[in-house]
Amino acid sequence: MARIGILAVQGAFAPHAQVLRSLGHEPVLLRAPEHLEGPLAGMVFPGGESSVQIDLVARLGLEPGIRAVLDAGVPVLATCAGLILLARDVDADSAHRQWSFGAVDLAVVRNGWGRQVDSFEDASEQGRPLIFIRAPRIVRVGPAVEIVDRYRGEPVLVRAGAIMAATFHPELSEGDGLHREVFGAAAASASAAQ
Amino acid sequence: MQKSTNVTKLGLAQMLAGGVIMDVVDAEQAKIAEAAGACAVMALERVPAQIRKEGGVARASDPAMIRAIQKAVKIPVMAKCRIGHFTEARILEALEVDFIDESEVLTPADDEFHIDKRGFRAPFVCGCKDLGEALRRIGEGASLLRTKGEAGTGDIVEAVRHLRKLRTQIRRLGTLGKEELAHEAKLLDAPLELVTSVAQTGRLPVPNFAAGGIATPDDAALCMALGAEAVFVGSGIFLSEDAPKRARAIVSAVTSWEDAQKLAEVSTGLGQPMRSLQVSSLPEAARFASRGN
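Residues numbered from 1 in each chain as written. Chains lettered and ligands numbered in written order. Predicted model: local features only at pLDDT ≥ 70, side-chain atom pairs only at ≥ 80, totals over all residues. Heavy atoms only, no water.

**A look at the sheet that holds strand S11 (residues 154-160) of chain A**
The strands that make up a sheet pair up through hydrogen bonds in the backbone, lying either parallel or antiparallel.
Residue and element names in this part refer to chain A.
Then, number 1: The seven strands are arranged S2-S1-S3-S4-S12-S11-S10 in an open sheet whose pairing can be described as mixed. With partners counted over all chains shown, the strands left at the sheet margins are strand S2 (26-30) and strand S10 (146-151), one partner each. Geometrically, the sheet is characterised by an average inter-axis angle of 20 degrees between neighbouring strands, direction not taken into account.
Then, number 2: Sheet analysis places S11 next to strand S12 (residues 163-166), joined by four bridges and oriented antiparallel. Across the sheet, residue Arg159 finds its bridge partner in S12, namely Met164. (Pairing = 2+ DSSP bridges. Helix = DSSP H or I, 4+ residues; strand = E, 2+ residues; numbered from the N terminus. Axes fitted to C-alpha atoms, helices over the stretch in contact; angles between N-to-C directions.)

This is the structure in structure tokens:
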């Protein structure tokens, strides 16, 4: 069992906690600086409203703790708004330019597929189930970022070091594939730690 | 590519968890709400306390106002239609609002039937006072519920009553035998399959947020402690003395609802709350929560 932090300031942190628990991990909801003090074996940046999340990260004083987790190089899974929080450039060419951690060399635009009536389900080029909800679109991928999966030619799942970032919502799909890939299941992570 | 599936509709409701949805009457208020940390705004012509005061028939908003708000902010924009008024709902859908609130705050258009929400591309949120009402709305296709409370009063007592009732009834279902569920469904006047699902899982199949009477950060935190996954704040923000500050404080309170130190900090120096009304002093006809069935 590994302690996996989930940024829980706003958004769909509960479904991630459920998947992590089903894999035998201990989800830790992160809402205050002291929640980031214990050692974390990984971290999830969930979906939600990225502008709200980043604002709350700042006002609750979570930024240094999160930076430390990112610098530690533990496995990280970021979905939708979570990917926006970690991208280098967010809506860079608009009046809505937004601050972000810049941990993954990506440029993204928020709500890149349109409003909620344009939210959709489909499958990726590699057959992953894709649920897009007012999803961001990746418009530039840095040289150090690996494209793991695409949808109609566009990157939707990328990896940069220990960070896996998706524009879709694996936590809302059936199955635990991506969480298992990033964090392992409890037995596997216990043997890996020994 | 499948658009507007049950999964994507429910998904947006899930994304709003832990957030505050604020009533706004123009683009300027929408911008203030977004800057304060609202996870969505509800566009309407008059906030509930104004509707209560001015009386008359309250209807869906002017499309021009909704468009102006959509243009002003990046967060989801919701709008209200009258209970049963599916044509108003079709107009809101055509405007591509992100969520339609079939709301008792507006004057009901149909005193018997709610909208059949399954045929819409936009997701719906509906009010409820108890489990039966919640499950009827889900049966009609609502992707999100909010306990009704009593909108436009600044009195939290009804929101608390409805949240507690829902929670108690959900717990009770879990104690019933399989053979008792059909009878219980009849008593609740709710679809048996939904009653069975709640009995098995111990939770509603869609999120439930709180609404109606939230005027302070601690009201919002109280609702979270009673099991609401997010809150709607109507008149409580823009009819208070310092709207941006109060809006920001309520956002912080919904995230830090378990942290009394933090709540004390954000509740400090907010100025006057909205002018409030005690629900117990309202005649039955003046209560919005009893609209709809």
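**Section: the pattern of salt bridges**
Side chains that differ in sign of charge can pair as their charged atoms come close.
Residue and element names in this part refer to chain A.
Then, number 1: Tallied over the full model, the rule gives 33 salt bridges over all chains.
Then, number 2: For Arg134, the salt bridge is made with Glu49, and the minimal N-O distance between the two is 3.5 Å. Placement of Arg134 in the loop between strand S8 (129-132) and strand S9 (137-141) and of Glu49 in the loop between strand S3 (42-45) and helix H2 (50-59) is noted, with a sequence separation of 85 residues between them.
Then, number 3: Among the residues examined, Glu49 registers a relative accessible area of 7% and is labelled buried.
Then, number 4: Ionic pairing is found between Asp105 and Arg140, a salt bridge with its closest N-O pair at 3.0 Å. Of the two residues, Asp105 sits in strand S6 (residues 104-109) while Arg140 sits in strand S9, which places them 35 residues apart along the sequence.
Then, number 5: A network of salt bridges, in which partner residues are shared, links Arg88, Asp89, Arg97, Asp105 and Arg140. (Salt bridge = Lys/Arg side-chain N within 4 Å of Asp/Glu carboxyl O. Buried < 20%, exposed > 50% of the residue type's maximum accessible area, 1.4 Å probe, protein only.)

**Digging into the interface of chain B and chain A**
Then, number 1: Each partner contributes residues to the interface: chain B has 39 residues there, and chain A has 37 residues.
Then, number 2: Taken over both partners, the interface formed by chain B and chain A buries close to 3,200 Å², and the fraction arising from carbon and sulfur atoms is 53%.
Then, number 3: When residues of chain B are sorted by the area they lose upon contact with chain A, Met1, Met15 and Lys74 of chain B head the list and together hold 25% of the total.
Then, number 4: Joining chain B to chain A, the criterion identifies five salt bridges.
Then, number 5: Salt-bridge contacts for Arg134 of chain A lead to Asp98 of chain B; the nearest nitrogen and oxygen are separated by 3.6 Å.
Then, number 6: Elements represented by at least two residues in the side of chain B that touches chain A include exactly strand S1 (2-3), helix H1 (6-15), helix H2 (27-36), helix H4 (63-72) and helix H12 (243-255) of chain B.
Then, number 7: Looking at the side of chain B that touches chain A residue by residue, the classes come out as 17 nonpolar, 13 polar and nine charged. (Contact = heavy atoms within 4.5 Å. Buried area = accessible area lost by both parts, 1.4 Å probe. Nonpolar A, V, L, I, M, F, W, Y, C, P; charged D, E, K, R; others polar.)

**What to know about the nonpolar core**
Then, number 1: Core analysis: the biggest nonpolar cluster contains 105 residues, and Phe45 and Ile66 of chain A together with Val231 of chain B have the highest contact counts within it.
Then, number 2: For this core, the leading source of residues is H12 of chain B, giving five residues.
Then, number 3: In contact with Ile66 of chain A, not counting residues within four places along its chain, are Leu7, Leu36, Met43, Phe45, Val57 and Phe101 of chain A.
Then, number 4: Ala2, Ile6, Leu77 and Phe168 of chain A belong to the second largest nonpolar core, which has 24 residues in total. (Core = buried A, V, L, I, M, F, W, Y, C linked by side-chain atoms within 4.5 Å.)

**Notes on the pairing of strand S2 (residues 20-24) of chain B**
Residue and element names in this part refer to chain B.
Then, number 1: In terms of burial, S2 is a largely internal element, five of the five residues being buried.
Then, number 2: Side chains Val20, Met22 and Val24 project from S2 onto one buried face, and the interleaved Ile21 and Asp23 project onto a second face that is buried too.
Then, number 3: Here S2 runs beside strand S3 (residues 40-43); their pairing, made up of four bridges, is parallel. The residue bridging Met22 from the neighbouring strand is Val41, located in S3.
Then, number 4: With H2 bridging S2 and the parallel S3, this β-α-β connection has right-handed handedness. (Right-handed = clockwise from strand over helix to strand, strands pointing away.)

Spatial relationships are all this shows, so hold off on functional conclusions.
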